[in-house]
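# Structural characterization, general
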Amino acid sequence: MNWDDARVFLAVCRESTLRGAARVLGVDQATVGRRIVALEKSLDATLFLRTSEGYALTAVGEAALHSVEKMERSALELQRQIQGLDDRLTGIVRVSTTDSMAIDFLIPAIARLHQRHPDVRVQLDASAQILSLAKREADIAVRNTRPDNPDLIARRIARWPVGLFASQAYVDTNGVPAPGSAFDGHDLVVYQPYLQSNKDLTLVSEPLTRGRIVSSLSSGLLVRRAIAAGIGLGEIPVYMGERDGLVRLWPEQTRPLPYDVWLVTHADLRHTAKVRAVIEVIVEEFAASSA
């Protein structure tokens, strides 16, 4: 099995349909189908069961998958090592981050990068989904969690306390909740994944039991915008709340854990000139927030 066939096989394994695999590979569905039929014929083996729900691996296919995943790891490692020796300040660097950090930090950093190195192009992905650096889905990630993969190099570039905020309009209309009141009579906005975590729900260590959760949102940026719109009280990093011009409530209280920002890249890529250039401007942009 050559690497081109392996890529098609992996795509079908991971997507379970020809249509999904075709989308990932950037080819048409009929091409993927023909490639799978030809692969099975060349191996004289049935790799997939065709079902109403898609393609499912046979026992032979499961065995092949382990070997093909080894091929993928070797190919990706070779690609990273070659790129790691690249000293040209040109080409694409893929960066993954959240929508908040993309707007507040990464876009200004890209503007600075373009002034210095106009031939380096940044492909920016801003979503809640964490892309894999090991699989080369991204070259750099800016995250609020530190990865545990020993092949990844993580550097903390910011640490902010997390406080309680409201808009001035909300405070003018509803006043400030009393500490210890469990937000009695107040409207709250919360981060949706936190709401689904089955933890004891609090904002800056204050229980939510008597407050009204009027909106749950899928990203930190949406929480910030909801607070700014006067929908309710919310918990966000202090730096961002102050940047948005919001009113900080109970300034003596913060969430027990601060909001850390980590810059992550693969060990094989950290010396690549274009990756170093992007890292440099990102670090500068976050350093300004601590100045």
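Owing to the predicted nature of the structure, the values given are computational and were not obtained by experimental measurement.

Attention shifts here to the overall build of the protein chain. When helices and strands are tallied, the protein chain shows ten helices and 14 strands. For a compact globule of 291 residues, the expected C-alpha radius of gyration is about 19 Å, and the protein chain comes in at 24 Å, more than 25% above that figure. For the C-alpha atoms alone, the extent of the protein chain along its principal axes is close to 75 × 50 × 30 Å. Within the protein chain, the fraction of its 291 residues that count as buried is 44%. Pairs at least 24 residues apart make up 75% of the contacts formed inside the protein chain by residues separated by at least 6 positions. Here the protein chain has roughly 15300 Å² of accessible surface; of this, 50% comes from carbon and sulfur atoms. For the protein chain, the distance from the average position of its 34 positive side-chain charges to the average position of its 35 negative side-chain charges is 3 Å.

Quick look at the nonpolar core now. One finds M101, I140, V261, V278, I282 and F286 to be the most contacted residues of the largest nonpolar core, which totals 27 residues. Going through the elements one at a time, strand 3 (91-97), helix 5 (99-116), strand 4 (120-126), strand 5 (140-143), strand 6 (152-160), strand 14 (259-266) and helix 10 (273-290) are the ones with two or more residues in this core. When residues in this core are grouped by element, the largest group, eight residues, is from helix 10. In terms of nonpolar packing, the next biggest core, distinct from the first, is built from 20 residues, A11, V12, L18 and A21 among them.

So, on to unusual backbone geometry. With a phi angle near 45 degrees, V204 is a residue other than glycine that sits in the positive phi range. Mapping V204 onto the fold places it in the loop between strand 9 (202-203) and strand 10 (206-207). Of note in the backbone geometry, S205 takes a positive phi value of approximately 70 degrees without being a glycine. S205 sits in the partly exposed class, given a relative accessible area of 42%.

Take the packing of aromatic side chains next. For the structure on display, the rule yields nine aromatic pairs. With 5.7 Å between their ring centres and 25 degrees between their planes, F105 and W160 make a pair best called stacked. Here F105, found in helix 5, pairs with W160, found in strand 6; they are 55 residues apart in sequence, far enough to count as distant. According to the relative accessible area criterion, F105 is buried, its value standing at 1%. With relative accessibility at 4%, the residue W160 sits in the buried group. An aromatic cluster of three or more residues is present, and its members are F105, W160, Y239, Y259 and F286. Here the guanidinium or amino end of R243 rests over the ring plane of F105, the centre of that ring lying 5.4 Å away.

Moving on to the side chain of S219. Relative to the helices and strands, S219 resides in the loop between strand 11 (212-217) and helix 8 (220-228). Take S219: its relative accessible area is 10%, and that puts it in the buried class. Not counting residues up to four positions away in its chain, the partners in contact with S219 are D99 and Y191.

Time to look at the pattern of salt bridges. For the structure shown, the criterion picks out 16 salt bridges. In this structure, the salt-bridge partner of R112 is E285, at a minimum N-O distance of 3.0 Å. With R112 in helix 5 and E285 in helix 10, this pair connects stretches of sequence that are 173 residues apart. Take R112: its relative accessible area is 26%, and that puts it in the partly exposed class.

What follows concerns the packing of helix 5 against helix 8. Packed helices, taken two at a time, are described by the angle between their axes plus the distance between the axes. Put simply, helix 5 and helix 8 touch, their axes get as near as 6 Å, and they point 80 degrees apart. As the angle between them shows, helix 5 and helix 8 are arranged roughly perpendicular. Across the interface between the two elements, D99, S100, I103 and D104 from helix 5 touch G220, L221 and R224 from helix 8. Taken together, the residues of the contact of helix 5 with helix 8 break down into two nonpolar, two polar and three charged.

What counts as what
- Residues numbered from 1 in each chain as written.
- Predicted model: local features only at pLDDT ≥ 70, side-chain atom pairs only at ≥ 80, totals over all residues.
- Heavy atoms only, no water.
- Helix = DSSP H or I, 4+ residues; strand = E, 2+ residues; numbered from the N terminus.
- Rg over C-alpha atoms; globule rule 2.2 N^0.38 Å.
- Buried < 20%, exposed > 50% of the residue type's maximum accessible area, 1.4 Å probe, protein only.
- Contact = heavy atoms within 4.5 Å.
- Areas by Shrake-Rupley, 256 points an atom, 1.4 Å probe, with all protein chains shown as cover.
- Lys, Arg positive; Asp, Glu negative; His and termini not counted.
- Charge placed at Lys NZ, Arg CZ, Asp CG, Glu CD.
- Core = buried A, V, L, I, M, F, W, Y, C linked by side-chain atoms within 4.5 Å.
- Phe/Tyr/Trp six-rings, centres within 6.5 Å; stacked < 30°, edge-to-face > 60°.
- Lys NZ or Arg CZ within 6 Å of the ring centre and 35° of its normal.
- Salt bridge = Lys/Arg side-chain N within 4 Å of Asp/Glu carboxyl O.
- Axes fitted to C-alpha atoms, helices over the stretch in contact; angles between N-to-C directions.
- Parallel < 35°, antiparallel > 145°, perpendicular 65-115°, else oblique.
- Nonpolar A, V, L, I, M, F, W, Y, C, P; charged D, E, K, R; others polar.

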